[in-house]
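Each chain, written out:
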Amino acid sequence: MPRSNPTRARALALACAALLCPLAHAQEDDSEAGLALWEVGGLGFGVRQQAYPGADEHVSRGLVLPFFIYRGKYLRADRQTAGVRAVKTDNVEVDIGFAGAFGSSSKDIDARRGMPDLGTLVEFGPRIKWKLGEAWGGRFRADLPLRGVFDLSDGMAHRGWSLEPEIGYRRSMDNGWSWGTSVSAVIGDKRLNRTLYGVAPQYATADRPAYQASSGLVTWRLQATLSSALTRDWRVFGFARLDNVSGAANRDSPLVRQTNGGTVGIGVAYTWLRSEARAYD
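Residues numbered from 1 in each chain as written. Predicted model: local features only at pLDDT ≥ 70, side-chain atom pairs only at ≥ 80, totals over all residues. Heavy atoms only, no water.

## Re the pattern of salt bridges
Pairing between side chains becomes possible if they bear opposite charge and their charged atoms approach one another. With the rule as written, the count across this model stands at 17 salt bridges. The salt bridge partner of arginine 127 is aspartate 95, with a shortest N-O separation of 3.0 Å. Of this pair, arginine 127 sits in strand β7 (residues 121-135) while aspartate 95 sits in strand β6 (residues 92-101), placing them 32 residues apart in sequence. Exposure class is identical for arginine 127 and aspartate 95. Each is buried. The partner of arginine 113 in a salt bridge is aspartate 110, with the nearest N and O atoms 2.4 Å apart. Overall, aspartate 110 belongs to the partly exposed group, its relative accessible area being 45%. Look at the salt bridges and you will find they share partners, linking Lys88, Glu93, Asp95, Arg127, Lys129, Arg141 and Asp143 into a network. (Salt bridge = Lys/Arg side-chain N within 4 Å of Asp/Glu carboxyl O. Helix = DSSP H or I, 4+ residues; strand = E, 2+ residues; numbered from the N terminus. Buried < 20%, exposed > 50% of the residue type's maximum accessible area, 1.4 Å probe, protein only.)

See the structure below:
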């Protein structure tokens, strides 16, 4: 498969990660009043990630990146959101959501040795968010994102579609700490699941038979996040995720080596500049 220039691909991956990572994990609760309309800063973080759901090996990454946040009425670039917020009511929002995963070289993953690399994948598409109510000092929310999946390491080649219905809970504590947890199911179309679990005949071996992946459940996912403002400008954050492929559509793929797998990350964010103007909400 032809590949784009590696340097350009890495630069693009870093640019997207600069947007996605701080927005997903390092910012204040988006319901708090008084946040700045925009912020500019940087962050450093390290991640140890399961190569893909069902893999028995991990990849590690450490990066230092800039970030930009904008909290307008319609144009948004905040936690897990970038682009247009088309609908905003007291209980429902419709916007553009993001997700992503670092790639891995097949030479470093025994199950995929000799196969094409798994590129750095970025996902974006429409998302519906429902506020479900409050309990125990925090808030419940349901998300329904439908996202296109693209390979940053291969010139943004389309790798399929994913659907990830999620129910989450988030709470901000009086001591400055915020934490959240969520449970979701990741569902992929045939193209995405073929990227992750398919084995073409030319890559079959004695212990890795050819396999035709099908659409359906990729993984069950449980995630937790934790963050705290050390000062007005400095914030620390961490996150952990457990993937479980029990009942997955491609559980029988020879590339699936174990049922459970984890991802963990930790980092620090610094806000260099912020506006005097306040966010719309």
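## Let's talk about the pairing of β7
Across 10 bridges, β6 lies against β7 in antiparallel orientation. Looking at β7, one finds that glycine 100 is bridged to valine 122. In sequence, β7 turns back onto strand β8 (residues 138-151) through a hairpin of two residues, with tryptophan 136 there showing a positive phi of about 55 degrees. (Pairing = 2+ DSSP bridges.)

## Topic: the nonpolar core
One finds Tyr52, Leu196, Tyr197 and Leu255 to be the most contacted residues of the largest nonpolar core, which totals 22 residues. Broken down by element, the residue count for this core peaks at three residues, all from helix α2 (residues 190-197). Other than its neighbours up to four places away in sequence, leucine 196 contacts Tyr52, Arg112, Leu118, Val218 and Leu255. Grouped together as the second largest cluster of nonpolar side chains are 10 residues, Phe45, Val47, Phe102 and Ala269 included. (Core = buried A, V, L, I, M, F, W, Y, C linked by side-chain atoms within 4.5 Å. Contact = heavy atoms within 4.5 Å.)

## Structural notes on α2
Of the residues making up α2, those classed as buried are Leu192, Asn193, Thr195, Leu196 and Tyr197. Along the axis of α2, the buried residues cluster in a sector spanning 165 degrees; they form a single face. Contact partners of the buried residues in α2: β8, β9 (157-163), β11 (177-188) and β12 (216-229). (Arc of directions from axis to C-beta.)

## Section: a nonpolar patch on the surface
Taken together, the side chains of Trp130, Leu132, Leu144, Ile167, Val183, Leu222 and Leu242 present a nonpolar region at the surface, about 600 Å² in accessible area. Tracing the backbone shows leucine 242 in strand β13 (residues 234-244). (Patch = residues over 30% accessible without salt bridge, like charges linked within 9 Å, V, L, I, M, F, W, Y side chains within 5 Å. Areas by Shrake-Rupley, 256 points an atom, 1.4 Å probe, with all protein chains shown as cover.)

## Re the packing of aromatic side chains
With the rule as written, the count across this model stands at eight aromatic pairs. Between tryptophan 234 and tyrosine 270, the aromatic rings sit 4.7 Å apart at their centres with planes inclined by 40 degrees, giving tilted as the arrangement. Here the residue tryptophan 234 occupies a position in strand β13, and tyrosine 270 occupies one in strand β14 (residues 260-274), the gap between them amounting to 36 residues. An aromatic cluster of three or more residues is present, and its members are Trp136, Phe140, Tyr169 and Trp179. (Phe/Tyr/Trp six-rings, centres within 6.5 Å; stacked < 30°, edge-to-face > 60°.)

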